[in-house]
Structures are given as structure tokens and as C-alpha cells.
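Residue-level structure breakdown
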Amino acid sequence: MATLSLNDVRKSYGKTEVIHGVSIDVEDGEFVVIVGPSGCGKSTLLRMVAGLEEITRGTIDIGGREVNKLEPRERDIAMVFQNYALYPHMSVFDNMAYGLRIAGIKGDDLKARVGKAAEMLGLTTLLDRKPRQLSGGQRQRVAMGRALVREPSAFLFDEPLSNLDAKLRVSMRLQIKDLQRRVATTSLYVTHDQVEAMTLADRLIVMNKGVAEQIATPMEIYDNPANVFVAGFIGSPAMNFFPARIEGGHLHLADGSQLPAPAGVSEGSVILGIRPEHLMPAPLDAEGSLSVRVLAVETLGADAFVHATLGDGDADAIVFRVPGHDRPAEGERVSLMVEPGKAHVFDAATERRIAEA
Amino acid sequence: MAEGLVGTSRRSLTLAHVLLILGCVIVAFPIYYVTVASTHSLRTILNPPLPMLPGPETIENYREAVSGGINRIGGVGVDRLLLNTTIVALGIAFGKIVISMASAYAIVFFRFPLRMVCFWLIFITLMLPVEVRILPTYKVMVDLGLIDTYAGLILPLIASATATLLFRQFFMTIPNELFEAARVDGAGPWRFFKDILLPLSATNIAALFVILFIYGWTQYLWPLLVTNSNSMNTIVIALRKMISFADADTPWDLVMVTCVLAILPPVLIVVLMQRWFVKGLVETEK
Amino acid sequence: MNRATFPHFWLPLLLIAPQLAISAIFFYWPAVQALYQSVLREDPFGLRSTFVGLANFRNVLADPAYLNAAQVTVVFSLLTAGFSMAIALLLAVQAEKVVRGRGFYRTLMIWPYAVAPAIAGMLWLFMFNPSFGTLAAIPRALGIRWDPLLNSSQAMGLVVAAASWKQISYNFLFFVAGLQAIPKSLIEASAIDGAGPVRRFWTIVFPLLAPTTFFLLVVNTVYALFDTFGIIHAVTSGGPGKSTETLVYKVYNDGFVNLLLGSSAAQSVMLMVLVICLTAFQFKYIERKVHYG
């Protein structure tokens with residue numbers, strides 16, 4: 001049990017800086033997920049916490065103790081790897097016991113601790129097996145068990161579910177969440193999957209190109225994305241963006257349609273962002289609606305996603321969601337209303353969020 | 001291809017068996033021949049054709065060879081020759097494995113200044129076989145007082161790039177994550193080597209052991225150079241001496257026995273450890 | 001991703017030191033000495049040596065005995081590599097056809113690998129010894145005056161036979177591995193295209209086996225050049241005349257028996273260049289092999 005803090009952590013390879021100063025205080029028992037596209041530096045950041053990568057600048061504290069110069073084993077952390085990294089020649093028991101044995105724990109104490117972790121993960125009957133005799137999900141659980149048994153100050157997860165099939169991923173996700181709640185160990189979890197990030201996290205770090213774009217709870221990030229990148233990355237299907245101008249108290253879109261402008265925003269170029277779920281079909285050509293032409297309809301059953309273009313032009317496609325049984329036809333013209341207060345306005349130059357409309 | 005699959009007719013299958021049996025006869029015959037010869041009396045050997053079945057002198061010949069017969073021709077007992085050869089073969093096999101594992105471990109799992117220079121220095125020794133530096137190497141041996149010593153027979157042969165390259169290649173297939181998991185579990189260099197790397201290398205080591213044992217046992221030029229005293233000869237060199245000084249009195253029956261004793265241990269190792277040997281051979285070279 | 005490593009500094013140097021030390025003492029120092037010796041000439045008593053530039057090399061290359069050794073080496077290598085690879089390929093193709101007994105055949109086929117080259121030579125000498133070798137009766141029955149210790153081509157024939165015989169195991173194992181790596185679907189596809197067994201072999205199997213064949217060609221050349229020293233030393237000692245004196249045998253003979261230090265060193269250096277070329281060729285080829293998958 002411990003807090004974990006990163007203070008302006010930076011990483012450079014030669015002269016190229018790849019992590020540009022990340023700071024966060026993770027509270028004791030908190031589950032923080034680092035999410036971002038591949039190459040954004042999230043794994044590097046995690047590996048710096050683990051002690052597998054050197055920290056170029058800044059400090060990392062675990063449990064109030066600076067760990068910059070400590071070896072991984074001295075940091076009191078445990079890590080779950082993407083490919084599980086189970087020792088292929090050792091049984092499940094020995095895999096889980098290895099770290100404890102190195103720490104000098106033997107005999108009944110060792111057996112008890114491995115036994116307890118195995119029971120929590122439903123691995124008791126598999127303890128004598130070798131990794132190659134296990135299914136993907138079972139291997140994943142052993143990797144979890146190996147971390148759990150150490151009773152560390154913090155768990156580090158490096159994309160632990162990305163090698164599992166979709167169904168197993170959902171059930172493992174729930175298990176990880178449940179387990180973390182029960183042992184209440186501070187956790188740092190890296191993933192590129194925003195659904196995993198949203199469902200697991202107490203707090204999220206959205207990273208892009210080595211920068212922590214936003215650190216907040218999942219719902220706060222969903223409701224108030226700090227900038228265009230975060231807004232586009234979190235949410236599925238992704239948010240629709242429209243270039244627009246604010247002039248005379250109105251938002252002017254490229255096709256000539258107008259929406260009321262938010263208060264307190266000066267005139268100029270902006271980017272308007274609206275999530276697919278906040279665009280609702282309205283009576284044709286209703287006041288303050290957007291007129292779109294349907295390009296294609298993807299039916300999912302309960303819902304359907306409609307791809308359309310604004311006006312008659314060939315502007316970028318926008319996506320909105322309709323009930324599965326009530327969907328427009330291809331080529332049809334549809335009017336859409338924006339749910340009040342759910343549109344986001346970003347500065348066109350800085351891409352930072354400046355208002356909601 | 002399995003029988004009955006594409007185009008393996010009954011006739012071509014029969015032909016295949018005939019050719020293979022013929023091939024095996026040719027390949028095995030020289031060894032069979034000397035083995036049979038070692039069981040006959042000198043008189044039978046000197047009056048060809050040699051009978052194609054083992055003769056009545058088996059026990060007699062071998063007893064005589066072991067109890068001093070070979071000592072009389074070569075000036076050293078066969079037990080000593082076998083001991084020397086075994087020491088050399090095992091020394092080379094173990095020495096090479098230990099040294100090349102250590103250097104491959106350093107090259108793959110550590111970063112240190114001039115790492116690649118060290119690697120190339122080892123690699124280039126591939127291009128300097130004993131044969132191209134015979135005299136100066138001999139001089140080094142003389143200067144270091146290594147003539148007629150086991151160290152002299154073994155040491156110069158245990159630094160080989162091939163074994164180091166093999167281990168390097170194998171170590172590089174160990175996933176990064178496995179290494180990192182071990183580090184997070186608290187394993188330092190020694191524990192990682194002993195608990196993870198060594199068990200995972202077991203089959204490679206076994207395969208390499210067979211190949212190196214054969215390599216050591218069949219050495220010729222090197223033992224020829226660094227042994228003057230008969231008592232330090234390997235069995236192969238001793239055999240060559242017996243033959244080159246052959247005359248009317250040479251007890252060929254005992255020479256044949258020595259020959260069988262020189263062939264038998266490595267053949268047994270190759271046949272008994274066939275699985276590792278074949279795997280090792282095909283993988284070392286590729 | 002880059003290889004993850006331990007942060008230690010001295011430990012790796014300690015680990016690599018033994019191999020570097022042995023390489024330096026027994027490989028690099030003598031090789032440098034050979035280079036140095038090759039430009040010196042010692043007086044007959046070994047008391048003084050003078051720098052002679054490339055004179056040793058010129059002398060060696062102008063020496064008919066050296067050219068003879070080079071020619072002997074080429075003939076010996078070509079014959080040895082040719083015979084052992086052809087026989088091994090024939091047998092490997094047959095072994096691919098059969099299912100029953102494959103392990104048995106392989107077990108018999110690998111014996112010669114374990115036999116020292118010198119002993120391989122002796123075995124063939126025993127069998128074909130003109131006075132008591134049983135098989136000497138075969139050439140005699142063909143009307144040949146059989147005496148490999150006096151007749152040059154017979155001597156060459158004997159050492160080539162012994163050298164090829166010893167190498168069959170090695171080539172056989174590699175050809176079998178190469179054949180097994182050829183996807184069965186390709187052979188089946190060509191059969192469906194109407195190719196008969198012989199055509200299938202020459203148009204599909206043999207070309208796909210090319211990487212293995214190239215590789216074996218290099219290995220067999222190196223083997224014939226160097227590893228066969230024992231066969232020649234034990235069976236013919238380079239004779240009769242100098243008809244089986246290969247380059248390596250000549251280096252040894254000139255250095256150790258005739259004590260021509262400068263000449264022997266110059267020959268060593270030329271051999272070194274040959275090995276470097278062969279090794280470079282082999283590794284270039286291995287690079288290529290990556291593309292074959």
C-alpha cells in the first residue's frame with residue numbers, strides 16, 4: 001500500500017526527448033490508467049516506474065521514497081506483462097513463487113502465500129502445470145498471480161489483456177477490477193484500448209506524443225475533454241469535428257448553417273465538436289438544425305451508425321447514432337439537432353477547449 | 001513424404017529402400033570391416049580375403065591389447081591413450097561451452113564499452129583456423145611451456161566463435177519481457193543465468209556437447225604438434241604412429257583393436273544422443 | 001524494441017575476458033606473427049633474419065611445387081565435395097520417400113561423422129591395402145595394377161574416397177533437413193500440374209534446395225581444404241611424389257619438416273586470405289538466406 005508520484009518525469013534517447021514532463025500523484029489504492037495511441041510513450045513511462053528504463057529527469061516516488069536510482073527489485077512493485085512473460089520451464093507454482101524465493105521466503109510461509117493468491121485467481125488446480133499446458137486466459141491469471149503473491153506497494157500492468165480474444169478480455173477486465181478493489185493496491189495500468197481505460201480507471205491519463213494531455217476521472221474526460229486530441233481519442237465512435245467561425249453571436253459552419261454561439265467566446269476560427277450520441281434526428285429543416293445527406297448506414301441491432309455529409313457538399317463524413325429500427329435510407333436528407341450543452345468548442349489554433357454550446 | 005502420397009509408387013519405394021540399404025552398406029562397411037578384422041588372428045588378417053563374420057580371437061585380441069600389447073608397439077598403454085583422449089574431448093567440450101556461454105551472456109545481456117569490438121574480435125577468430133597459423137602458434141606453446149600438457153592440448157581449442165555465435169543467437173530469442181519479469185522478481189545476473197537461462201539452454205548445451213566432444217576426440221593436427229612424448233598422445237595420433245612405422249612385424253590385429261577403440265566412444269555418443277546431435281548440428285551451422 | 005540489459009559495468013568484462021584472452025594469445029598473436037614472418041627471411045642457422053618484403057610470396061608463387069599443391073588441392077576438393085554431396089543428396093531424397101525404417105537408415109548413416117578424418121583414411125587403407133586389404137582384389141579383378149602407395153592417381157582416389165565417405169553423414173543430415181523444409185503443398189501442386197517424379201525433382205525440389213546446396217558447397221570446400229589434413233598425413237604423407245600434397249599439408253611440411261619459416265609463413269598468410277574470402281562468402285550467403293524465409 002503506497003502512494004505513487006511522478007514529478008515532471010522526462011525521458012530522452014540521446015537528444016530526442018520522448019516524454020516531455022509528466023506529473024501525477026496516485027493515491028493509495030487508486031487505479032490509474034494511462035491510455036493513448038501506440039508510440040505515445042505510455043509504456044516507456046510505466047517501465048520507468050518499474051525501473052526497467054532510466055529516468056532522464058524528474059523524480060518518481062513510491063510510498064514517499066524516491067526510487068530513481070533503485071533496481072526494479074528494490075522498488076517493491078510487481079508487473080504484469082503483455083505477453084505474460086511466464087518462465088516456460090517452471091510450473092505455475094514455481095512461477096508464482098520465484099520472486100518470493102529470491103526474497104528469501106521459504107517453506108510453509110511460501111506455500112501459504114502462493115496458495116492464497118492461487119485461490120483468489122482460481123488457479124489452485126493448475127499449480128503443477130507448465131505454462132505451455134495453459135490457455136491464454138489461464139496464463140494471464142498466472143501472470144496476475146505472480147504479481148499478487150508479492151504483495152507489493154504497487155501493481156504495474158503493461159497492456160495485459162491485448163493478447164486475449166474479445167470475450168475473454170471483457171471477463172478478465174472485470175476480474176482485474178474486482179481483484180484490485182479487494183487487495184486495494186495502488187495500480188498503474190497501460191492500455192491503448194479506450195474502453196478498457198474507461199471501465200477500469202479511477203483516474204485516466206490520456207497521453208499523446210509524450211505529453212499527458214489530460215489527467216482526470218473517466219466521466220470528466222468524456223464530458224469535458226481538454227482538447228481536440230482527447231475529445232477525439234475517448235469515445236466510440238469518435239467525436240465529429242467541424243471547422244467553424246464565430247461571428248455576430250453565431251457559429252457559422254462550412255455549409256452555411258448556423259448555430260447559436262456560446263457566451264464569452266471572442267470572434268474567430270474555432271473547431272466544433274459533437275459526439276455521435278449527441279446528434280438527434282429532428283423534423284426536416286427545423287429551426288437551428290443541421291442538414292445532412294446519408295452516405296451509409298451500419299446496423300448493429302439495437303443501434304445503427306449513420307455516416308453522412310454536411311449539406312450537399314463533399315465535406316468530411318460525420319457519424320451519428322439512431323435506433324436500429326428507425327434508420328434513414330442511403331441518399332436521404334436528414335435534419336439533426338444538437339443536444340443542448342453537449343457541443344464542444346475548441347480554439348482552432350491551440351485546439352484547446354474554450355467553451356461548450 | 002508419406003507412402004502413397006503424390007507419386008511415390010510401389011516401384012519407386014522399393015528402389016528407394018534398395019538404394020538406402022546399399023548406401024548404408026557403403027557407409028557402414030569400413031567400420032564393420034575394421035571391427036571384424038579386430039576379432040581375427042594376425043595370420044587371418046594377412047591372408048585376404050578377410051572372413052566377413054567375427055572370428056574366434058575377439059577376447060584374445062582385446063585382452064592382449066589392453067594388457068600391454070599396444071604398449072609394446074606404441075610405447076604407451078591403451079588405457080592411457082583413451083584417458084588422454086577423453087580428457088581432451090571433455091575438456092574441449094566443457095571448456096568451450098563455459099567460455100562461450102559466458103561471453104555470449106556478456107554480449108547479449110549487458111551493455112559495456114567496446115561491446116561490438118569484442119564481438120567482432122571473437123567473430124574474426126572464425127577466419128583463423130589452426131591450419132593457417134601453425135608455426136607461430138606452436139612457438140607460443142613452446143614459450144608458455146605447454147608442450148606435452150593437457151592445457152596445451154585443450155586451451156587453444158576452446159575459444160571458438162561458432163559456439164559463442166550459437167549461444168548469442170539463442171539468447172537473443174529470449175523475450176525481453178521474460179528478462180524483465182525476472183528482474184522485477186528480483187533476479188540479478190547470476191540468478192537470472194542459473195534459474196532462467198541455463199534451464200532454457202539445456203537442449204542447446206546437450207547438442208553442442210555432442211558436437212564438441214566429437215570435435216575434441218577427432219582432433220589431429222593440434223595434438224600432433226603439441227605432443228612429443230608418447231604418454232601424452234591421443235589415441236588417433238598413437239594409431240597413426242603405429243601405422244607409419246609399419247613393417248613386417250606390425251601386429252595388425254592389435255592395430256585393428258586400437259582402431260576400434262578409437263572409433264567406438266564417439267560413435268556411441270553420436271548414436272545414443274542422436275536426437276540432440278542432429279538438432280545441434282543442423283542448427284549450429286545455420 | 002532494444003534488448004533489455006543489466007546495468008552492471010565490470011561483470012560483463014569479466015565474463016568475456018577468458019574468451020578474449022585465449023583469442024589474443026592463441027589466435028591473434030600467432031596470426032600477427034605469421035604476417036610478420038612472411039616478410040622476413042631467416043638465415044639457415046636461425047640466427048639472423050632480414051626484411052625481404054614480398055619476396056617470400058613471390059618465391060612461393062613461382063615455386064612449381066606450390067602450384068602443384070594448389071592444383072592438387074583444387075582437384076581433391078572438387079572431387080571430394082562432388083562425390084560426397086551427390087551421394088548424400090541421392091540418399092536423402094530416397095530417405096524422404098520412405099516412412100518405415102527412416103530412423104534406422106539415419107542411425108547407420110551418421111556413423112562416419114564420429115570418425116576422425118585420419119582414422120577414416122586408415123580404414124580405407126586397411127580395406128584397400130595392396131598386401132592384405134580384402135577389397136584390393138576388386139581393382140585387381142578389373143585388371144588394374146593396384147598400389148595406391150606408389151601410383152599417384154590411385155593414391156588420390158583413395159584419399160578422395162576416404163574424405164568423401166567421412167563427409168556423407170554431414171551432407172545427408174543437411175539435405176534431409178532441407179528437403180523437409182520444402183512445403184509439401186508445392187510438390188502436390190506440381191503433381192496436379194502434371195509433372196512426373198523426375199520433373200518434379202529437377203524443377204521444384206532441386207531449385208528450392210539451392211540454399212542448402214550452396215551452404216554445403218562452402219562447408220565442404222572448407223572441409224576439403226583443412227579438415228582432411230589428417231587423412232593425407234596418415235595415408236599418403238603427400239605422396240607418392242607430391243601427388244597428394246595439398247596446400248595445408250605443404251604449410252605443415254615446409255614449416256615443421258623442412259623448416260622454411262618465411263615460405264611457410266607466406267603460405268599461411270595466403271591460406272588466411274582464402275579462409276577470409278570463404279567465410280565472407282558464407283556469411284553473405286547466410287544474409288541472403290534470411291530472404292528465403
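Scroll up for the structure.
Residues numbered from 1 in each chain as written. Chains lettered and ligands numbered in written order. Predicted model: local features only at pLDDT ≥ 70, side-chain atom pairs only at ≥ 80, totals over all residues. Heavy atoms only, no water.

The next point concerns the overall build of chain A. In terms of helices and strands, chain A carries 8 helices and 21 strands. Within chain A, the fraction of its 357 residues that count as buried is 52%. If you take every contact in chain A between residues at least 6 apart in sequence, the share linking residues at least 24 apart comes to 63%. When the accessible surface of chain A is summed, it comes to about 15700 Å², and 49% of that surface belongs to carbon and sulfur atoms. (Helix = DSSP H or I, 4+ residues; strand = E, 2+ residues; numbered from the N terminus. Buried < 20%, exposed > 50% of the residue type's maximum accessible area, 1.4 Å probe, protein only. Contact = heavy atoms within 4.5 Å. Areas by Shrake-Rupley, 256 points an atom, 1.4 Å probe, with all protein chains shown as cover.)

Residues and elements named next belong to chain A. The mixed open sheet is built from 6 strands, whose spatial order is β6-β7-β8-β3-β9-β10. Since the sheet does not close on itself, it has two edges, and those belong to β6 (77–80) and β10 (211–216), each with one partner. Strand after strand, the sheet turns through a mean of 15° between neighbouring axes, direction not considered. (Pairing = 2+ DSSP bridges. Axes fitted to C-alpha atoms, helices over the stretch in contact; angles between N-to-C directions.)

Time to look at helix α6 (residues 134–143) of chain B. For α6(B), the full list of buried residues reads B:Ile134, B:Leu135, B:Pro136, B:Thr137, B:Val140 and B:Met141. Just past α6(B), the residue B:Gly145 takes up positive phi, approximately 65°.

Contact residues are listed per partner, giving 113 residues for chain B and 101 residues for chain C. With both chains or domains summed, chain B and chain C bury close to 9700 Å², and 76% of this area falls on carbon and sulfur atoms. By residue number, the principal contributor to the side of chain B that touches chain C is helix α1 (residues 10–37) of chain B, which donates 16 residues. Taken together, the residues of the side of chain B that touches chain C sort by class into 88 nonpolar, 15 polar and 10 charged. (Buried area = accessible area lost by both parts, 1.4 Å probe. Nonpolar A, V, L, I, M, F, W, Y, C, P; charged D, E, K, R; others polar.)

In this structure, A:Ser171 sits in helix α5 (residues 166–183). Once the C-alpha coordinates of A:Ser171 and A:Gly137 are considered, the two residues, 34 residues apart in sequence, prove to be 9.6 Å apart.

The side chains of a regular strand alternate, first on one face of the sheet and then on the other. Residue and element names in this part refer to chain A. Within strand β8 (residues 186–191), 6 of the 6 residues are buried, which leaves it mostly tucked inside the rest of the structure. Where strand β3 (residues 31–35) lies against β8, 5 bridges are found, and the strand directions are parallel. Paired with Phe31 across the strands is Ser187, a residue of β8. As defined by bridge partners, strand β7 (residues 154–158) adjoins β8 across 5 bridges and the pair is classed as parallel. Each bridged residue has a counterpart across the sheet, and for Leu156 the counterpart in β8 is Leu188. Chirality of the crossover, the property in question, places the unit of β7, α5 and β8 among those that are right-handed. (Right-handed = clockwise from strand over helix to strand, strands pointing away.)

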